[in-house]
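Structure at a glance
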Amino acid sequence: MKNKIHNCNDKVERDNIKNLKLSIKYGVISFVIILISWIFINVINSEEVGIATMDIDKLFNVIRNIGISSILSSIFAGLIIGIVFYFYIFPRRTRN
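Residues numbered from 1 in each chain as written. Predicted model: local features only at pLDDT ≥ 70, side-chain atom pairs only at ≥ 80, totals over all residues. Heavy atoms only, no water.

1. A closer look at the overall build of the protein
- When its secondary structure is counted, the protein shows two helices and zero strands.
- Looking at the protein as a whole, 18% of its 96 residues qualify as buried.
- Of the roughly 7800 Å² that the protein leaves accessible, carbon and sulfur atoms contribute 67%. (Helix = DSSP H or I, 4+ residues; strand = E, 2+ residues; numbered from the N terminus. Buried < 20%, exposed > 50% of the residue type's maximum accessible area, 1.4 Å probe, protein only. Areas by Shrake-Rupley, 256 points an atom, 1.4 Å probe, with all protein chains shown as cover.)

Structure, rendered in structure tokens:
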């Protein structure tokens, strides 16, 4: 009987670790997608005129400046998505 309880606890622990890894993965993927799209949109809507004819160095500086300002909003969005998956979606899925 004790062995059966121990096996059940191991399964729950493995499921928790698997869910944690998966939620971190979803959070990181969403962070990257949001960051890239945010940088792309802001570079297109940038106040700099003639991005297509800009020097490579100046273009990288514009992207870097926009990217640095965009990282914080992307980090928060990725964290929220990961937390929602870990605390809401995965436990709900295991109950069903």
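2. Looking at the packing of aromatic side chains
- By the definition in use, this model includes two aromatic pairs.
- Relative to Phe85, the ring of Tyr26 has its centre 4.7 Å away and its plane inclined at 55°; by these criteria the two rings are tilted. Taken together, the positions of Tyr26 in helix α1 (residues 2-44) and Phe85 in helix α2 (residues 56-95) put the pair 59 residues apart, joining distant regions of the chain.
- Judged by relative accessible area, which is 30%, Tyr26 ranks as partly exposed.
- The class for Phe85 is partly exposed, based on a relative accessible area of 23%.
- Ring centres of Tyr86 and Phe87 lie 4.9 Å apart, and the angle between their planes is 85°; on these two criteria the pair is classed as edge-to-face. (Phe/Tyr/Trp six-rings, centres within 6.5 Å; stacked < 30°, edge-to-face > 60°.)

3. A few points about the nonpolar core
- Core analysis: the biggest nonpolar cluster contains six residues, these being Leu35, Ile39, Val43, Met54, Val62 and Ile66.
- Of all the secondary-structure elements, those providing two or more residues to this core are α1 and α2.
- At three residues, the largest contribution of residues to this core is made by α1. (Core = buried A, V, L, I, M, F, W, Y, C linked by side-chain atoms within 4.5 Å.)

4. Some remarks on the environment of Asp15
- Tracing the sequence through the fold places Asp15 in helix α1.
- Classification of Asp15 as partly exposed rests on a relative accessible area of 28%.
- As a C-alpha pair, Asp15 and Phe90 span 75 residues in sequence and 9.7 Å in three-dimensional space.

5. Looking at the side chain of Ser74
- Within the secondary structure, Ser74 is located in helix α2.
- Looking at Ser74, its side chain comes within polar contact range of the main-chain nitrogen of Leu35, at 3.5 Å.
- Beyond its immediate sequence surroundings of up to four residues, Ser74 is in contact with Phe31, Ile34 and Leu35. (Polar contact = N/O pair within 3.5 Å; in protein donor to acceptor, adjacent residues only side chain to side chain. Contact = heavy atoms within 4.5 Å.)

6. Quick notes on the side chain of Ser30
- Among the structural elements, Ser30 can be located in helix α1.
- Among the residues examined, Ser30 registers a relative accessible area of 12% and is labelled buried.
- Setting aside residues no more than four positions away along its own chain, Ser30 makes contact with Gly78 and Ile81.

In short, the description is geometric, and any link to function would need to be established separately.
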